[in-house]
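Secondary and tertiary structure notes
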Amino acid sequence: MATLILPGEWIKNWEKSGKHEFVQLCKELTEKTDHGNETKDIQAALYEVCSQVVQGNLKIDLVSAVLGEMMELRDDLPSILADVFCILDLETGALEEKNKRDYYTHLVGACLSFVPEAILKERLDPETLESLGLIKQAHQFNQKIVKIKTKLFYKQQKFNLLREENEGYAKLITELGQDLSGNITSTLVLESIKSLIGCFNLDPNRVLDIILEVYESRSEQDEFFLSLIKSYMCEPITLCHILGFKFKFYQEPNEETPKSLYHIAAALLNHKLIELEDLYVHLMPVDGTIVEEHKREISEAKQIARKLVTVVLPSEKSEDKEKEKEKEEEKNEKPPDNQKLGLLEALLRIGDWHHAQSIMDQMPSFYATSHKTIALALCQLVHLTVEPLYRRAGVPKGAKGCALQPLKNKRAPQPTESFEDLRKDTFSMLCYLGPHLSHDPILFAKIVRLGKSFMKEYQTDGRPEVKDKMEILLSCFLSIADQVLLPSLSLMECNACMSEELWGLFKLFPYQHRYRLYGQWKNETYSGHPLLVKVKAQTVERARYIMKRLTKENIKQSGRQIGKLSHSNPTILFDYMLSQIQWYDNLIVPVVDSLKYLTSLNYDVLAYCIIEALANPEKEKMKHDDTTLSLWLQSLASLCGAVFRKYPIELAGLLQYVTNQLKAGKSFDLLILKEVVQKMAGIEITDEMTSEQLEAMTGGEQLKAEGGYFGQIRNTKKSSQRLKDALLDHELALPLCLLMAQQRNGVVFLEGGEKHLKLVGHLYDQCHDTLVQFGGFLASNLSTEDYIKRVPSIDVLCNQFHTPHDAAFFLSRPMYAHQILSKYEELKKAEKGNRQQQKVTKYVAACEQVMTPVHEAVMSLHPARVWDDLRPQFYATFWSLTMYDLAVPHAAYEREVNKLKVQIKAIEENSEIPLNKKKKEKERCTALQEKLQEEEKKQMEHVQRVLHRLKLEKDSWLLTKSTKNETITKFLQLCLFPRCIFSSIDAVYCARFVELVHQQKTPNFCTLLCYDRVFSAIIYTVASCTENESHRYGRFLCCMLETVTRWHSNRAVYEKECVNYPGFLTIFRAAGFDGGNKADQLDYENFRHVVHKWHYMLTKASVHCLETGDYTHIRNILIVLTKILPCYPKVLNLGQALECRVHKICLEEKDKRPDLYALAMGYSGRLKSQKVHMVPENEFHHKDQPARSATPASQQNGPGSTGKPAANTSKTEEGGFEDGDRVKDKSQGTTKPVNKANSTTAKVTTSNGNGALNSTKAVKDDKEKSGKEKKEKKEKTPGSTPETKAENRREKQRDERAGKEERLLREGKEKTPKADREKVKLDEKSGKDDKAKAGNGEPVEPARDAVKESKNKEKGDRNAATATLKSPNPRSDSAESERDHKRRKLDSHSSPSHSSSVKPQFLKVRDQGRSLLLDRPLPPSSSSSTDFLLLSDNLLPPPTPSQLICHLHSSLQDSSNELKDPATKQHINFNSVARSKSREREVEKKDTESVQGRSKEKKEEKERKERKRDHGVNDREASQESKRRKDENGTNSSKNSQSASPSCDSPLTPEKEKTKRSKSSSKEKAESVKAERTSSGGKKESRHEKSEKKEKRDSAGGKEEKKHHKSSDKHR
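Computed from a prediction, not measured in an experiment: that's the story for all the values here.

The geometry of helix α5 (residues 77–93) relative to helix α6 (residues 98–110) is characterised by a closest axis approach of 9 Å and an angle of 160° between their N-to-C directions. It follows that α5 is roughly antiparallel to α6 by the angle criterion. α6 is crossed by α5, and the crossing has left-handed handedness. Here Phe85, Leu88, Asp89, Thr92 and Gly93 of α5 come into contact with α6, specifically with Lys100, Arg101, Tyr104, Leu107 and Val108. Classifying every residue of the contact of α5 with α6 by side-chain character gives five nonpolar, two polar and three charged.

Structural data, given as structure tokens:
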């Protein structure tokens, strides 16, 4: 017992003050009401005083008197004191000190007067009672106690049972069953019951049982019976036993516990008349059985799911279904009688949530609520709890609702008045309910509406003091959505209304929260609940059934089935559908069309499922070959575009996913963005555009939409607006652009390390195309303010964000256009003036204001030295303009307008269309037509303003502080090349811009240099392109070639657009000189030679790429060649060379690389179809001499001739006028590329008819015709000019040479060996049809063989790098024989496809004190000191053979052997200003060696000639017959056969070899004399090249010496 320590002073001064203090303390303790604790305190005080007496500290009489006074304070104080004596009795009885026991005995004896004896007899020990005299003997007292206890506890008392004494029980039942509506209370009834028990000797427990029975039958009288039981009941355990006995009675088989019994048990629990722990043990089944049952249900559900997934035979399947039906029927017929669940339901019905929660905690999760009755009871309780809050905040406008009656139970959960109250009980009740909220859709809707109301309050209430509470509530609602709402929706069958109601809540969440909920729903929720496991399996089975039958024909029916299935379980359905689409992409269209019956929530779930499928880490995004993207990714991307365009699905999640992937350096998923933008905005990105589409793309937005895309894109306004809103709302527009721009290089340098080159190129193209597409979407859809606000300035983009310059200007370009337009509108409003000139002036002023900061900003993009040549103004102008600014596509506008007119006419003629629809369609077409016309007019005005602005700016564009060549280099490097591969429209823009700069007569811009640099070095550019860049680069080259071809094809056009333009100046004077001097302009014919050179360079580069064997080289060049096919090849032999190489590619790649094979076959077919448009080389650039000098046109060669002046082209007979094939092989076979001038003789052969003559008559005919021509020329040519005098000398020389050729022909038949006669005879065939062209160039006999021979000869003339002047002189028989001999010797040389890089023939000139190299001879009006330049030496690498040769082929060995042969040596005379002495010494040394070698072989050749003379005739006839057959079959000579098929060698007999050697020996003798007079530039050159250069020297001043050597050489 707790002791109350009394102060020692009280004990010492007991009589004075201690007694009084003690009494006062006891009075305070008795007056205090502390729920039973005051009794303990009084017991402690009394015990303390009595123990002081026992210890002898206080006198007994003093204490007994005080105790006697205190008995009046409380009625139960004697009993309390007796308890204290009982404790002291036990303590003193155990002590050995006898005096203390005596003190205790005397104290009790003194208190007998106020403590009743009966109480003491109950409490004290018998021995103590005996010592006090209260009993006589303790022993007898103990025996009496035993007897009484036995009688009370062990002897059965015989009560009257109901069947024996029913009167008392009958009265009891009557008393309990009476009408209680009056003034009858439980107290009155209780008194009557006591009287009946006493009167009829009734069993009290039986009476209690009868009370419970009556209460059970009258359960509505809760208040009366509960108060009665509370008054009647002695102990709660007795009541629990009686209830437990009742419950046990119903635990027998086939017994059902009545609900009334559950009700009274619940009521007793609720009023705490019994304890749940006491009653719970009497209920069945035990908890272990419940857990096992739950596990069994889960396993059965999973087994069912497994059966639905696995394939089962039909017989087994039917048997299983029958068994399952039987089991389900058994369960439905006999629900389990679970008394714990029954009690739980009763507790929930009366609102006793806490006891119900305790019972549910004893069971597995959601086991209790899986029973519908319990779920409904709990739902009803939740209804009552949330009713007030729902009425205040959740009821929609206009809805009345149904009022609920509140519970009478005051202990039930309190109704909620605010969202904070929901945290007390409502949220926990919902969590216990879980997925089984599906049983009460109304409550589902109430909770969702409360959530919507809370979210609106959450979004509007920004008070910081309630922020934490709101965050907690938000997390609670998210948990409810995850654990209750979504699982419940899965168990609702096809409830679209609930789905839409739930979307009303979910759309207020950020997509991150929503997607997290969907992920939990899809991946975790279905695994925890048996019912959900079954539902998932059934959904998959049903989805499989629908997808198997989905076709384009039954979209509507299947769509409805999909819609019904998706309302409840969208995640499972979409997961299966997406898996099917990834395998079968032909399902995309029907699936997309069938999704029209989905709810908004389902569309959002679909977006999540698509993103999850895209982000699946278990799937590889590349095929096994690691070269292409996987089909499943392509299918999903295509599905994304179609679905997001057609249905209103939020895009933020998908866009953020792509952004995150780009941040992680992964560019695979850009395919998704590309598809989405293409489908939603109607912006296509393809390099396969037709020219008409490309033309339409240069117009306004309306023209683009109508004619710029493959598919007619309509109704994209809403979808593009949704895409724009998603980008702006989540601030993803600029980040996506910057990430894509940076990722282009990341693909190559970060991603591309281990990836296949083909895949890297594909990813790069995908990244670039998506950037272009996305940027185009932003430019056309964002408002001016939005765009300018989001796109930073160009220097920030490049320097801070490290955006590549082309991408940065691409993003900034629309901003500049917007700013200029808005500034222009401001200026127009400020000053009202409608005159066109005023408008243009204002536009120029607006441009200056907007672009001036840009000019300053671009200065930081490149080093300062760049701006020495290019002005920032020019740089910014180039990058800021588009094709829309440069030209109006009138044809495209007209084409689309005509289409609309046709549509209108068709609508009018169609009688099946209803009138109202016909009217609508006509109005639509008419409005569209007007829009197009208005747009065209607007663009025309804009282009005029832009062109005027450029005209004003052009003079300050180029500074040329270094050289024009350097200027062009910077322009190409910084402007042209980066932009021409950016997009197809940019490719066209670049070509048109170059043309525009030329047309504007821009100072210091050399058009020729620009074009030459573009066409002459495409190998490296092509090799470094991706596949799509190759398309664009090819389109750029095609546009450039279109311009060149237009100038080339018509003299009038050339003179109009090129003559007197500074871009065609062929001399570079001081910077700023605007040209215009006709003597410095490139004439028409020489321009045609230059074009031929460009064509040849393209051929050489193409063949090089085709022969590398590298995948990228071959693919890219085939793409480029396909793109430029309309303009190239135009020359027949170049086309044949390409055809040969492409055919070889087809054979090699057929089984190796199918994609290359397909490209090559496609190009080969198109190339063959273009052959009809190809012309021989002589027709391509052998035209009349341009009338730029004093020499009249009549002095030019006839049509088809070279058209070059004759002043520098006087030929020596021994020069060997080789045909085109010979020249081509020579250029391939040597390491010294041959200048265009060196192929002059080949062209003259074809054009002038100077082939090998069949007889003296042929020579005479040539002589007569040429004589007539000379006379005509002399009549028309003034004799006063130096050019005319030089021409007269050349005519005289040709007359003398013609006579010598005639004599030589007669002598040759007698003196030449048989091999030589054979050669002459062969050449007669080749020259038979050419001889008619000597005078006017018109063929006398246009036979088929002659045309073929002419084309075969043309095929070889592709070696020269630049165009040179050609000689119109007739050719001798010996020269023709020598040419044919050389052609036979070079039998294994390849076509231009095997050609190495060509070294031009360069002439040094002065340019402001600097020496430049020319690559063609001087025109007739130019003296040796005239500054004349066609192309800069810097257009190609420095003109050394090692730098110019790209690669060598099998012909390299042959050419090397030929170089060693002295017969192949010819010499050249440079008409140059500065000649290197070291080069002269080197050439003289080489010439000496060649002379010695030739003299040695000369003797051997004579001997061979004599031996073979007798056999020469037969050999010559055989050779002539062979050549005739080849000509008839359209083939070339043995050399031309090599050109057509590089792997084919001409078969040579040993006799022909000997003939070659003998002929070479005869030629060596003639050249041994020439070797002493020639001077060379120090390079090894072919015999033909040196002959050309010797002619130039002779024509300038050494004619007599030349004639002497010619004559001697012929006779030898």
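The discussion continues.
The subject of this paragraph is the nonpolar core. One finds Leu343, Phe506, Phe971 and Phe1036 to be the most contacted residues of the largest nonpolar core, which totals 319 residues. Beyond its immediate chain neighbours, meaning those up to four positions away, Phe1036 contacts Leu976, Cys980, Ala987, Cys990, Ala991 and Val1014. Within the second largest apolar cluster, 46 residues are counted, among which are Leu6, Ala45, Met71 and Leu107.

Next up on the list: the side chain of Thr571. Position of Thr571 among the secondary structure elements: in helix α29 (residues 570–583). By relative accessible area, Thr571 is classed as buried at 0%. Contact partners of Thr571, with chain neighbours within four places excluded, come to Tyr518, Trp521, Lys522, Tyr526, Val605 and Cys609.

Two side chains with opposite charge may pair up if their charged atoms get near one another. If you walk through the whole model with that rule in mind, you get 49 salt bridges. A salt bridge links Asp1012 to Lys1093, with the nearest nitrogen and oxygen atoms 2.3 Å apart. Within this pair, whereas Asp1012 is found in helix α50 (residues 1007–1016), its partner Lys1093 is found in helix α54 (residues 1084–1107), the two being separated by 81 residues in sequence. Of the residues examined, Asp1012 reaches a relative accessible area of 0% and is grouped as buried. Each member of the salt-bridge network shares a partner with another, and the members are Arg992, Glu995, Glu1042, Arg1046 and Glu1057.

So, how was this worked out
- Residues numbered from 1 in each chain as written.
- Predicted model: local features only at pLDDT ≥ 70, side-chain atom pairs only at ≥ 80, totals over all residues.
- Heavy atoms only, no water.
- Axes fitted to C-alpha atoms, helices over the stretch in contact; angles between N-to-C directions.
- Helix = DSSP H or I, 4+ residues; strand = E, 2+ residues; numbered from the N terminus.
- Parallel < 35°, antiparallel > 145°, perpendicular 65-115°, else oblique.
- Left-handed = near helix turned anticlockwise from the far one by under 90°.
- Contact = heavy atoms within 4.5 Å.
- Nonpolar A, V, L, I, M, F, W, Y, C, P; charged D, E, K, R; others polar.
- Core = buried A, V, L, I, M, F, W, Y, C linked by side-chain atoms within 4.5 Å.
- Buried < 20%, exposed > 50% of the residue type's maximum accessible area, 1.4 Å probe, protein only.
- Salt bridge = Lys/Arg side-chain N within 4 Å of Asp/Glu carboxyl O.

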